[in-house]
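Listed below are the residues making up each chain.
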Amino acid sequence: MSIPLKRQGPSAPNLYDLFVTAAPLDLDSSAVASLADKAYVAIRDRLIMLDISPGDPIDDDELAKDLGVGRTPVREALKRLEGDRLVVSYPRRGTFATGMDISDLAHISDIRAQLEPLAARRAAERAVRTSLGELEELAARIQHLDVAQTDRTELMRWDLAVHRAIYRASGNPHLEDVLIRYDNLATRIFCLFLDRLPTVDEHVGEHVELLRAIAAGDADRADDLAREHVLGFEHAIRAVI
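Computed from a prediction, not measured in an experiment: that's the story for all the values here.

Asker: Hey, could you run me through the packing of helix α7 (residues 152-169) against helix α8 (residues 173-192) in this one?
Answerer: Describing two packed helices takes the angle between their axes plus the distance from one axis to the other. At a minimum axis separation of 10 Å, α7 and α8 run at an interaxial angle of 165°. Judged by the angle between their axes, α7 and α8 are roughly antiparallel. Both α7 and α8 take part in a crossing whose hand is right-handed. Listed contacts from α8 to Met156, Leu160, His163, Arg164, Tyr167 and Arg168 of α7 are Glu176, Leu179, Ile180, Asp183, Asn184, Thr187, Phe190 and Cys191. Within the contact of α7 with α8, the residues separate by chemical class into 7 nonpolar, 3 polar and 4 charged.

Asker: What is the right way to read helix α3 (residues 60-67) from this model?
Answerer: Residue pairs spaced three or four apart in an α-helix point in one direction, given the helix's 3.6 residues per turn. Along α3, the residues that are buried comprise Asp60, Leu63, Ala64 and Leu67. Burial along α3 is one-sided: seen end-on, the buried residues are contained in an arc of 100°. Buried residues in α3 make contact with α2 (35-48) and α4 (71-83). Its side-chain oxygen placed 3.1 Å from the backbone nitrogen of Asp61, Asp59 serves as the N-cap of α3.

Asker: Can you walk me through the confidence of the model for the protein in this structure?
Answerer: Interpretation of the predicted coordinates at a detailed level should be avoided for regions scoring low in pLDDT. Looking at the protein as a whole, the pLDDT averages 84, with 85% of positions reaching at least 70. Per-residue pLDDT stays below 50 along residues 1-31; that stretch engages in 70 contacts with residues further than four places along the chain or on separate chains.

Asker: What exactly am I supposed to notice about the packing of helix α6 (residues 129-143) against α7 here?
Answerer: Their axes nearest at 10 Å, the elements α6 and α7 cross at an angle of 160°. Here α6 lies roughly antiparallel to α7, going by the angle between them. Taken as a pair, α6 and α7 cross one another with a handedness that is left-handed. Residue-level contacts link Ser131, Glu134, Leu135, Leu138 and Ile142 of α6 to Trp158, Ala161, Val162, Ala165, Ile166, Arg168 and Ala169 of α7. The residue makeup of the contact of α6 with α7, split by class, is 9 nonpolar, 1 polar and 2 charged.

Asker: When you look at the packing of aromatic side chains in this model, what are you seeing that I'm missing?
Answerer: To describe a pair of aromatic rings, you give the distance between the ring centres and the angle between the ring planes. Taken as a whole and judged by the stated rule, the model has 2 aromatic pairs. Between Phe190 and Phe233 the ring centres are 5.1 Å apart and the planes differ by 55°, which places this aromatic pair in the tilted class. Here Phe233 lies in helix α10 (residues 219-240) and Phe190 lies in helix α8, a separation of 43 residues in the sequence. Here Phe190 matches Phe233 in class, with each residue buried. The cationic tip of Arg80 hangs over the ring face of Tyr40; the distance from NZ or CZ to the ring centre is 3.7 Å. Stacked on the ring of Tyr90, the Lys or Arg Arg93 has its end atom at 4.5 Å from the ring centre.

Asker: So what exactly am I meant to see when it comes to the pairing of strand β1 (residues 87-90) here?
Answerer: Remember that side chains alternate between the two faces of the sheet whenever the strand is regular. Relative to strand β2 (residues 94-97), β1 is paired through 4 bridges, and the arrangement is antiparallel. Across the sheet, the residue bridging to Ser89 is Thr95, located in β2. From the end of β1 to the start of β2, which pair antiparallel, there are 3 residues, and Arg92 there has a positive phi angle of about 65°.

Asker: Looking at this structure, I do not really get the pattern of salt bridges. What am I missing?
Answerer: Any two side chains of opposite charge can pair, so long as their charged atoms come close to each other. The full count for this structure, using the stated rule, is 18 salt bridges. Across the pair Arg121 and Asp223 runs a salt bridge, and its minimum N-O distance is 3.1 Å. One end of the pair, Arg121, is in helix α5 (residues 103-126); the other, Asp223, is in helix α10, with 102 residues separating them in the sequence. Here the salt bridges do not stand alone but share partners, grouping Arg121, Arg122, Glu125, Asp220, Asp223 and Arg227 into one network.

Asker: Got a minute to help me understand the environment of Asp84 in this structure?
Answerer: Looking at the element boundaries, Asp84 is found in the loop between α4 and β1. A relative accessible area of 15% means that Asp84 is categorised as buried. In this structure the C-alpha to C-alpha distance between Asp84 and Asn184, which are 100 residues apart in sequence, comes to 8.8 Å. Side chain to side chain, Asp84 and Tyr40 meet in a polar contact 2.4 Å long.

What counts, and at which threshold
- Residues numbered from 1 in each chain as written.
- Predicted model: local features only at pLDDT ≥ 70, side-chain atom pairs only at ≥ 80, totals over all residues.
- Heavy atoms only, no water.
- Axes fitted to C-alpha atoms, helices over the stretch in contact; angles between N-to-C directions.
- Helix = DSSP H or I, 4+ residues; strand = E, 2+ residues; numbered from the N terminus.
- Parallel < 35°, antiparallel > 145°, perpendicular 65-115°, else oblique.
- Left-handed = near helix turned anticlockwise from the far one by under 90°.
- Contact = heavy atoms within 4.5 Å.
- Nonpolar A, V, L, I, M, F, W, Y, C, P; charged D, E, K, R; others polar.
- Buried < 20%, exposed > 50% of the residue type's maximum accessible area, 1.4 Å probe, protein only.
- Arc of directions from axis to C-beta.
- Polar contact = N/O pair within 3.5 Å; in protein donor to acceptor, adjacent residues only side chain to side chain.
- pLDDT = per-residue confidence, 0-100.
- Phe/Tyr/Trp six-rings, centres within 6.5 Å; stacked < 30°, edge-to-face > 60°.
- Lys NZ or Arg CZ within 6 Å of the ring centre and 35° of its normal.
- Pairing = 2+ DSSP bridges.
- Salt bridge = Lys/Arg side-chain N within 4 Å of Asp/Glu carboxyl O.

As structure tokens, then:
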């Protein structure tokens, strides 16, 4: 079931500012600890949000200059991003942003339809009180997000923030790592079709009920809602292809 986002006045606090740091997609549980980590997060952000378009060449010198780091951290970051399937390197040709094939949608959704419900279930069963409180507050803030003042790219960042919070609350770091990787790939596809999708706000709004089911400890409901959310994402994309 979709829950439309409600409008609010301009004075209401912005959860994006509260839950997301200066590195918008650094939503993992550990802080950025090195220059290579900083480069990884920043380049990953650009790749996921399509600031670096699929198939574009990666200029490591330019990135290093832009990020204010040396070439070595950038090269280390690119090696990690290749493992994430976000970039690809060719001998004597260089490194490129990975292209996107719509056939990837089915493969990614197949994995997420199994693992996203598991993460939601585990979060409902195992999350500590602090995490549950964070999820409940996240639900409340998203419900009152000012849709009129929030562009679609920003809404996608909220989407990422919700998923990261659920993965952390599952208490399984291995599951969290796998899901972050595939959520990144799914978000990249979503951003490719963002301007053609009529219900991005409803997609983000669906998180409200999911987060509250987890916070209430309703594992079965959380499992069902997470699966519906993933499958709804795939259907929405296919409807505009």
